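# Structural overview
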Amino acid sequence: MNADSTSPAQKIILDCDPGHDDAIAMLLAHGNPNLELLAVTTVAGNQTLEKVTTNARAVARVAGITGIPFAAGASRPLVGPQLIPDEIHGDSGLDGPQLPEPSVPLEDIHAVNLIAQIISENEPGSVVIIPTGSLTNIALFARMYPQLVERVGGITLMGGGHHTGNMTPAAEFNILADPEAAAIVFEESWPVTMVGLDVTHQVLAVPERMDQLKAIGTDVAQFIAELVEFFGASYMKERNYPGPPMHDPLAVAAVADPSILRTVRAPIYVETQGQHARGQTIVDFRRTWSHNDPSGLGVTDDPDFEAPNTAVAVDVDAEKFWDLLVDALTRIGNTNF
Ligand code: RIB
Ligand code: CA
């Protein structure tokens, strides 16, 4: 939905595993005027591939998304065991609200091939991929279509964290779900922005924020309220949080308005071994590239230092995020799903 953007909207592909926060990310991607959602692809994660794909198509109906392709991707990680956090998202992957029957058709093409098709058809550098689930599809894309990597405008992913994990003390779910895939994605030459727990834990859907969303008064806002009610109960029970983090919507918001996040460019490594650290994203703040960085995070003044192509979000303007989400939902209005 890029009705009134003065400059061309940023083209995006959302690769997701709905998942409560993925569903809200889809709504934000559709409603924000600075974004043009080209396709939605799915990957196993919060639930099985079949369930997250059905959920994505059902959320499309809630959002009023039509006319763009939906395609399913990897049903399991590259190497490790499949992890399904049904304690957070429930048996359906989107427990809580009554879901409508899916509307958009499912394309008869693998997600990775759809991504390749879209990247090939659009101007080099014009499409940003936003993964909000495990990185299996994105890693497969890089390995199957190495010649297309340089055409990708960037990868802004929800995942990781430079100081904490959620599934383990060291690892965040999207990375731990497929560490080998994540390692491939972070090692590629494309620009990667990691929107990790360091910032997503600063945008919790606490009751006051939910009141803001409910005040929009639409059927879509009510749908989100019911999503957050279930998601929030899971987070309270499992992690004693006062509200569920808006993990995935923040990654989308960061593309819609990059000023929402403060990022630092630094090398990022994914631990694929380790008894306690498998899936950890290790940020080398000793080697940041941002001369005179006000954060003072290990700035290097070495002019020959090759600026890393990876960046980590270190701070967030939470007010801007919530304003962006309210604006997107207001623009969507009632969809009578
Ligand atoms: O750790 C949070 C991430 O894992 C989010 O993307 C959530 O949807 C789950 O996929
Ligand atoms: Ca997700």
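Definitions and cut-offs
- Residues numbered from 1 in each chain as written.
- Chains lettered and ligands numbered in written order.
- Predicted model: local features only at pLDDT ≥ 70, side-chain atom pairs only at ≥ 80, totals over all residues.
- Heavy atoms only, no water.
- Donors = N, O, S within 2.8 Å, 3.2 Å for Na, K, Ca; no water.
- Helix = DSSP H or I, 4+ residues; strand = E, 2+ residues; numbered from the N terminus.
- Buried < 20%, exposed > 50% of the residue type's maximum accessible area, 1.4 Å probe, protein only.
- Salt bridge = Lys/Arg side-chain N within 4 Å of Asp/Glu carboxyl O.
- Contact = heavy atoms within 4.5 Å.
- Pairing = 2+ DSSP bridges.
- Core = buried A, V, L, I, M, F, W, Y, C linked by side-chain atoms within 4.5 Å.
- Near = heavy atom within 4 Å.
- Polar contact = N/O pair within 3.5 Å; in protein donor to acceptor, adjacent residues only side chain to side chain.
- Areas by Shrake-Rupley, 256 points an atom, 1.4 Å probe, with all protein chains shown as cover.
- Axes fitted to C-alpha atoms, helices over the stretch in contact; angles between N-to-C directions.

Turning our eyes to something else, we now look at the coordination of the calcium ion (ligand 2). Surrounding the calcium ion (ligand 2) are the protein donor atoms D17 (OD), D22 (OD), D22 (OD), T132 (O) and D248 (OD), at 2.2 to 2.6 Å. Each donor residue of the calcium ion (ligand 2) lies on one chain, and together they are spaced D-x4-D-x109-T-x115-D. Taken together, the residues T132 in the loop between strand 4 (127-131) and helix 5 (136-144) and D248 in helix 11 (residues 247-256) connect sequence positions 116 residues apart. D248 shares its class with T132; the two are buried.

Scanning all chains against the criterion turns up seven salt bridges. Among the ionic pairs, E188 bridges to R143, the shortest N-O distance being 3.4 Å. Here R143 lies in helix 5 and E188 lies in the loop between helix 7 (179-187) and strand 6 (192-195), a separation of 45 residues in the sequence. Look at E188 and you get buried, because its relative accessible area is 17%. Between D284 and R286 there is a salt bridge, and its shortest N-O distance comes to 2.8 Å. A relative accessible area of 10% means that D284 is categorised as buried.

With respect to the helices, strands and loops of the structure, V192 is situated in strand 6. With 76 residues separating them along the chain, V192 and I268 place their C-alpha atoms 9.6 Å apart. Setting aside residues no more than four positions away along its own chain, V192 makes contact with I155, L157, V185, F186, N309, T310 and A311.

Among the seven residues of strand 10 (residues 310-316), six are classified as buried, and the element is accordingly described as predominantly covered. Strand direction decides the pairing type here: strand 6 and strand 10, joined by three bridges, are parallel. Residue pairing for strand 10: M194 is matched across the bridge by V312.

As a further point, take the nonpolar core. Among the nonpolar cores identified, the biggest contains 65 residues, and M26, F70, L213, M246, L250, L261 and F321 are the most heavily contacted of them. Grouped together as the second largest cluster of nonpolar side chains are 41 residues, V149, V152, V185 and F186 included.

A separate point is the site of ligand 1. For ligand 1, the full set of nearby residues is D17, D21, D22, N46, T132, M158, N166, E172, F173, N174, H247 and D248. Contacts to ligand 1 include D17, whose side-chain N or O atom sits 3.1 Å from an oxygen atom. At a separation of 2.9 Å, an oxygen atom of ligand 1 approaches a polar side-chain atom of N174. For ligand 1, whose free accessible area comes to 270 Å², the fraction covered by protein is 97%. If you list the elements that add at least two residues to the shell around ligand 1, you get helix 1 (20-31), helix 6 (173-176) and helix 11.

On to the sheet that holds strand 2 (residues 35-42). If you trace the eight strands from one edge of the open sheet to the other, you get 3-2-1-4-5-6-10-7, paired in mixed fashion. The sheet is open, and its two edges are formed by strand 3 (70-72) and strand 7 (261-265), each paired on a single side. Within this sheet the neighbouring strands show an average axis-to-axis angle of 25°, counted without direction. Both strand 1 (residues 10-16) and strand 4 contribute to a ladder of five bridges, which runs parallel. Each bridged residue has a counterpart across the sheet, and for I12 the counterpart in strand 4 is V128. In the packing of helix 4 (residues 111-121) onto the sheet, contacts are made with strand 1, strand 2, strand 3, strand 4 and strand 5 (152-158), and the angle to strand 2 comes to roughly 155°. Of the strands in this sheet, strand 1, strand 2, strand 4, strand 5, strand 6, strand 7 and strand 10 touch helix 11, which is tilted by about 150° from strand 5.

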